[in-house]
Amino acid sequence: MRNDFLPTDPVAAVDEPVWHFPGQQDFVTFTLLADDILRIALTPRGAPPHRTWSVEPDCDARRASSFIVEQDETRFTVRTPALTLTLEVQTRVFSIAQADGTPICEQVRLRSAPGEQCWEMALSEGARILGGGERTGGLNRRGRKLTFWTRDALPHFDEHTDEMYQSVPFLVQVARGRVSGLFFDSNWHATADIGRQQPGLLTYSTTGPDLVIYVCAGPTFADVLRQYTSITGHMPPQPRWALGYQQSRWGYTSADEVREVAASFRELSIPCDAIYLDLDYMEGLRDFTWSQERFPDPARLIEDLRAQGFRVVTIIDPGLKVDPDYRVYQEGKERGYFIRAADGATFEGWAWPGKSVWADFARADVQEWWGEQHRALVEAGVAGIWIDMNEPTQTGMFAPPEIHIPHGLSLPLDTLHGPLNEPLTHAEFHNAYGLEMARATRASLERFRPDERPFVLTRATNAGSQRYTIAWNGDTTSSWEHLRMAIPMNLGVGLSGMPMSGCDLGGFWNDTTPELLVRFTQLGAFLPFCRNHSAIGTLRQEPWSFGEPYTGLCRAAIEWRYRLLPYLASLAHEASTTGAPMMRPLCWLAPDDPAALDCDDAFLLGNDLLVAPVLEEVASERHVSLPPGEWFDLTSNAVYTGPGRITLPVQLETVPVFVRAGAILPLAEVVQHTDMPSAEPLTLHVYLAQPDQSGTTVLWDDDDHPQAAARGTFATYRVTAAWEGDTVTVRAEQLDGYLAPRYPAVRVALHVPPAWQVELIGEPPEALPLTASFCVRK
Ligand code: GLC
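These notes cover the structure that comes with them. (Residues numbered from 1 in each chain as written. Predicted model: local features only at pLDDT ≥ 70, side-chain atom pairs only at ≥ 80, totals over all residues. Heavy atoms only, no water.)

**Section: the sheet that holds strand 43 (residues 727-736)**
Part 1 of the argument: Strand order across the open sheet formed by five strands is 41-42-43-46-45, with antiparallel pairing between neighbours. What marks the edges here is a single partner per strand, and that holds for strand 41 (694-702) and strand 45 (757-761). Neighbour-to-neighbour, the strand axes of this sheet turn through a mean angle of 20°, independent of strand direction.
Part 2 of the argument: Note that strand 43 and strand 46 (residues 770-777) share six bridges and pair antiparallel. In the sheet register, A732 faces strand 46, and the bridge partner there is L770. (Pairing = 2+ DSSP bridges. Helix = DSSP H or I, 4+ residues; strand = E, 2+ residues; numbered from the N terminus. Axes fitted to C-alpha atoms, helices over the stretch in contact; angles between N-to-C directions.)

**Points about helix 8 (residues 433-448)**
Part 1 of the argument: A rise of 1.5 Å per residue sets the reference length of helix 8, with its 16 residues, at 22 Å; its end C-alpha atoms lie 23 Å apart and thus fit the reference within 8%.
Part 2 of the argument: In terms of residue burial, helix 8 counts as a mostly covered element, since 12 of its 16 residues are buried. (Expected span 1.5 Å × (residues − 1). Buried < 20%, exposed > 50% of the residue type's maximum accessible area, 1.4 Å probe, protein only.)

**A short note on the packing of aromatic side chains**
Part 1 of the argument: Per the counting criterion, the structure on display carries 40 aromatic pairs.
Part 2 of the argument: An angle of 10° between the planes, with centres 6.3 Å apart, marks the rings of W250 and F508 as stacked. Highlighted residues: W250 in the loop between strand 18 (246-247) and helix 2 (255-267) and F508 in the loop between strand 31 (504-505) and helix 10 (514-524), separated in sequence by 258 residues. Summarising the burial analysis for this pair, W250 and F508 share the class buried.
Part 3 of the argument: Relative to F714, the ring of W700 has its centre 4.5 Å away and its plane inclined at 10°; by these criteria the two rings are stacked. Pair noted here: W700 is in strand 41 and F714 is in strand 42 (residues 714-724), with a separation of 14 residues, a long-range link. In terms of burial, W700 and F714 fall into one category: buried.
Part 4 of the argument: Connected via pairs of aromatic rings, a cluster forms that spans W19, F21, F30, F67, F76, F94, W119, F148, F184 and Y204. (Phe/Tyr/Trp six-rings, centres within 6.5 Å; stacked < 30°, edge-to-face > 60°.)

**Some thoughts on the site of the ligand**
Part 1 of the argument: Close contacts around the ligand come from W250, D278, L279, I315, W352, W386, D388, R459, W472, D475, F508 and H533, and that covers them all.
Part 2 of the argument: D278 places a polar side-chain atom, nitrogen or oxygen, 2.5 Å from an oxygen atom of the ligand. (Near = heavy atom within 4 Å. Polar contact = N/O pair within 3.5 Å; in protein donor to acceptor, adjacent residues only side chain to side chain.)

**Section: the environment of F658**
Part 1 of the argument: Checked against the element boundaries, F658 lands in strand 38 (residues 657-660).
Part 2 of the argument: Along the primary structure F658 and D633 are separated by 25 residues, whereas in three dimensions their C-alpha atoms are 4.5 Å apart.
Part 3 of the argument: In this structure F658 touches D608, L609, L610, V624, L626, W631, F632, D633, L634, Y640, I646 and L648, once residues within four positions along its chain are discounted. (Contact = heavy atoms within 4.5 Å.)

Honestly, it's all geometry; don't read function into it.
Take a look at the structure:
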């Protein structure tokens, strides 16, 4: 219960940082949840606050520790070490600034009318607005109007597409090199006009009954993501295999076909960790069934694949076939577990299996029952669940011709969710449907296999979904446009709190081409989530589908992913503790560099790698904008100095990737899957571009147990490197934990510009912790 929403005395002088300002019909309430997080609520008088599915339950109880209040008849001011709120008492118009005076929002006016609550603020000149969930087009959303409504995006979405699968009303603002965040916690249909109607105005408007906004004071990207995920939660630790390459296709129609795909990976030595089973494994598209004919012994199939180092992930849709002989339908119907039409009867619509009903994830008992259905999948050895069509979406693709379902159609807004005595309309629950399906799915995996980290992949998300699942971008087309779009799209997803995401490598709809597949794979090798997936009826696009030289080029890209595993594991851990996305915009490091701010065609993986994949057909060169600092080409070791734009000659095998000077990059030798013990050493690659430069990084590894952090079965090391005089000293000290070494040895490699000669002093180090010194001379 949000007690602080129930106003007592207006502007009460209390110790608690909660202040109410009454209007004619409503209250505006400011609550300082932390020194750097301010919640603002506009609530009608006498009405209970709305429900939230996005916010961590303990959020309400949090309070800032240091704040100063000044007030007179006209002005009310609150100051914390991170922000200042100034309010005109008469009008309730307010502004919020960062500690150094940089505006977060100016001249904010809240407006309330039946069915529409608005937040209006002045946008400062030059301010960029990023984030806002999964979006097509450039990462800077200024000049656009965004709708917050999860939707199966039209096939072949383009830069004008507004509603996508993932809807996250969190906007990240960069102004004068400083970063702040605005989280509009409404589950209802909402829009944000970001300087489109009026260039200097941001108007957020929700159809919900009230307005709740969290202001994250920044002032860096890392701070904003830390603040936002302290409200909406963190991604739980992911299984290590989830960092590997994954193979999927709608159209692996039998166990034999799946075995062949798996065998090809191993025969061709193309690393792979997981194979996905789409609708094809089911009996007549019924969830929780296996086709007797095509997948006669799933447990055996999964066991055999596991012996070769593959995990199996199965798809589950929320729409269940209406079929009196289908146990899951029957049981759910008897118990009244499906979404209801406005008249109270079970709502029937159309999904992949034909006439369908939808499980009501707004109810805890339905979640429990749904979770129970996964028992057999888990017992058969399924390692993870891929949840789809959970915007939720109807489809008439397999329906009789007279049934016309427009693409992207969801459920009627007046359908009913929740227990009979506490009904809630689809209009209110729609955006949370995917999140609650993910919650139910994750809980079931936790229950049935408590010693393994659950893996859930979803299509629909909203704010907070990262607590239960990772996400992919839905039905990407096999086109160069969609290849390019994948970068700003996943950057936006990451800035919206979902740290692990990726697109269908090769593209889903339409036939891919050999060159496009190679370029998608080269991009995907560096995306947080790396899965090749394609639609039924399209050309096959496994890495070997087009023969040489394409097979070898895809293999080479995927091998990079496996070399990077120790780095990826550290980034995934960072994401799950701090909210920092694994994939970051260039401006993450350089928020005041205009080229970095406008860059939509390259990204950072962590803070140390700049990835600029080739995104044009038959390209012979690639322009790359480098942020300030020196950058080492990952493969040639050439050093470039930013800020500035360089042009590189490229061929089909070229994947421009740069390492930040000051970075310490842990690289392993290639393995064919993440369970495979490494026979080769781990190498700490140290990149220093000039004397007096230094670097530091924190590495994380664990035993993959869900409670590794609590059990102590992890190892975390701080590695530092410093170039002083003609010596570079590298030290790795253990910070915490205990883990048997994963690699037989550990080496250090020093990279400096070519004018310098490097010589290791003494014996090479053998294991962590370590100290290594190099003599560096011209
Ligand atoms: C949806 C999914 C796609 C999947 C297909 C069949 O279109 O987005 O990934 O292959 O359904 O299940």
